[in-house]
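Structural features, examined
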Amino acid sequence: MLEASLKEECGVCGVFGHRDAGHLVYLGLTSLQHRGQESAGIVSWNGRMNRHAGMGLVFDVFKKENLQTLRGHAAIGHVRYSTHGSSVIKNAQPLLVSTPYGQVAVGHNGNFTNAEILKKKLELGGAIYQTTTDTEIILHLIAKSKKNNLPEAILHSLKRVEGAYSLLFACDRDSHNKPGSMMIAVRDPYGFRPLVLGRLGSSWVVASETCAFDLIGAKTEREIEPGEMIIIENNRNYKSVRLAERPTRSSMCIFEFIYFARPDSKIFGKSVYEVRRELGRQLAREAPPPPNIHSVIAVPDSSVVAALGYAEQARLPFEIGFIRSHYVGRTFIEPSKPMRDFRARIKYNPIRESLKGKSVVLIDDSIVRGTTSRKLIRMLRDAGVNQIHMRISSPPIVGSCYYGIDTPTTSELIASSHSVKQIRDFIGVDSLSYLSIEGMLRAAKGSTNQYCVSCFSGKYLTKIYQEESGKQS
Ligand code: 5GP
Ligand code: MG
């Protein structure tokens, strides 16, 4: 089943031309941890390729002895989170295989929307799958491609792939297919997911977000553009190649700004912090607070920046309403329902002293299933809060994401089947308002010609293939 097996959230990081490449990638991955907490892996190369991957957080997966094996002047790494079924070690990335172009490793952020169809075709042609990831498909396509070298094989293979991909490849041969070393970064023609190129002294660095650069002291060179492939073979320069297709529009995921990316990152050429704060201001313009509100509070951490923007615009004090435990993962992350329920409580606790008898505006960045919100509201009521006016710094999520954000199936999204009034009653607030799609785009200073808003509009840019039937919608 497409929705059940292939959805994942991820982050990638690579370093080329540095004697501590493996260690630097390890550090970079820790700052991309928010993009995936289920598994982590690194491939480094020093003539031969070394790989270590495991389940869990970056700090748990890599011990001193593992890092010592990750020698070499170059390394790529990956953090991953996926839904049911595929939460197993064999799916941890980077994947590493032998191909006609030498040893090739790949880490992928995104989602191939035609994965199931390609997979079946390849299976009929004799392919045997080692994992249940869509990422493995690209390796099969490469292995079969009969080209002169890896960059050509990648270009050729990507012609058959639809959807979202920011990919990072490692190879123990050069672009002449001779023993050597090469790192390749590619972003899909629509640029759904971010990918940034940086410089650390004379070394090259690639990462999903610039916060990884800050940690290792690298400087941002530039965004890797939608539809661009960057081939790095030495410390001096890189080669940039366009993928054949060049659409007239891009489709960068606006949800990266709303929730997913870290506020200290710059992605899609913009500061996540500034966009997120503006989302909050815009929300206050569209859905101002009722009279007699004492304070604006946030659901930490993801909505704090938007709440600051809202409070600023509404001229209300921002208060801390909840303390979030940082020693448990994100609630949403836990695949089974009973665990998720339990986790909301261990993750958030209201501060009674700041809330008792008060009327508040509560900001959250999004409502997905509505179950976390409902529990948080109950906690606020128990803490003696008078009125709760909830404001959401994104529009209602009405459609599942097929491009690399792990939203649940459409039927599980509360806004796909409930009106705002019904959601208000379900979560138990005195009033509820969402940001408009237009307001959201204004805050991100762009239009639907630049940003993907599919989860808010229910309209998809690429074909979405339905489950087993292979039907298109
Ligand atoms: P709900 O009330 O819908 O159960 O949960 C809403 C919360 O889920 C919000 O606080 C939001 O920050 C968080 N959230 C929204 N989208 C995602 C996502 O794609 N992944 C994770 N891990 N959390 C999300
Ligand atoms: Mg949140």
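Source: prediction; values computed, not measured. (Residues numbered from 1 in each chain as written. Chains lettered and ligands numbered in written order. Predicted model: local features only at pLDDT ≥ 70, side-chain atom pairs only at ≥ 80, totals over all residues. Heavy atoms only, no water.)

Regarding the overall build of the chain
For clarity, the threshold we go by: For the purposes of this entry, the term helix denotes a DSSP run of H or I that reaches at least four residues, the term strand denotes a run of E that reaches at least two, and both are numbered from the N terminus. Two things to know: the radius of gyration comes from C-alpha atoms, and the globule rule equals 2.2 Å times the number of residues to the power 0.38. Each residue gets one of three labels from its accessible area relative to the maximum for its type: buried under 20%, exposed over 50%, partly exposed in between, using a 1.4 Å probe on protein chains only. Here the open area of atoms and residues is found with the Shrake-Rupley method and a 1.4 Å probe, where only the protein chains shown may cover a residue. The charge count includes Lys and Arg as positive and Asp and Glu as negative, but it does not include His or the ends of the chains. To locate a charge, take NZ of a lysine, CZ of an arginine, CG of an aspartate or CD of a glutamate.
What the chain contains, in helices and strands, is 18 helices and 25 strands. The globule rule puts the C-alpha radius of gyration for 473 residues at 23 Å, and the 22 Å found for the chain is close to it. Expressed as lengths along the three principal axes of its C-alpha atoms, the size of the chain is roughly 70 × 50 × 40 Å. In the chain, which comprises 473 residues, the share counted as buried stands at 60%. Put simply, the chain shows about 18400 Å² of open surface, and 51% of that area lies on carbon and sulfur atoms. On the chain, the mean spot of the 61 positive side-chain charges and the mean spot of the 45 negative ones are 1 Å from each other.

Details of the pattern of salt bridges
For clarity, the threshold we go by: For this analysis, a salt bridge means a side-chain nitrogen from Lys or Arg found within 4 Å of a carboxyl oxygen belonging to Asp or Glu.
Within this structure, the stated rule accounts for 16 salt bridges. Notably, a salt bridge pairs Glu-228 with Arg-222, separated by 2.7 Å at the nearest N-O pair. One connected set of salt bridges, linked through shared partners, spans Arg-277, Glu-278, Arg-281, Arg-285 and Glu-312.

Quick look at the sheet that holds strand β7 (residues 163-173)
How we decide: The pairing criterion is simple: DSSP has to find at least two bridges between the two strands. A fitted line through C-alpha atoms serves as each axis, taken over the contacting stretch for helices, and the angle formed by two N-to-C directions is quoted from 0 to 180°.
Taken in spatial order, the six strands make up an open sheet running β5-β6-β7-β8-β12-β13, and their pairing is antiparallel. Either end of the sheet is taken by a strand with one partner, and the two such strands are β5 (95-99) and β13 (238-242). For this sheet, the mean inter-axis angle between neighbouring strands, taken without regard to orientation, is 20 degrees. In this structure, β5 lies alongside strand β6 (residues 102-112), joined through five bridges in antiparallel fashion. Opposite Ser-98, over in β6, you have Gln-103 as the bridge partner.

Structural notes on the domain arrangement of the chain
For the record, the criterion: Note that the domain bounds were set by an automatic or database domain assignment.
Segmentation of the chain into domains returns domain 1 (11-247) and domain 2 (271-445). The gap between the C-alpha centroids of domain 1 and domain 2 is 34 Å.

Thoughts on unusual backbone geometry
Omega for the bond connecting Gln-93 with Pro-94 falls within 30 degrees of zero, at 0 degrees, which places this linkage in the cis form. A cis amide bond links Pro-300 to the next residue, Asp-301, at an omega of -5 degrees. Among the structural elements, Asp-301 can be located in the loop between β17 (295-298) and α11 (304-314). A positive phi angle, near 55 degrees, is found at Arg-315, a position not held by glycine. Assignment of secondary structure puts Arg-315 in the loop between α11 and β18 (322-324).

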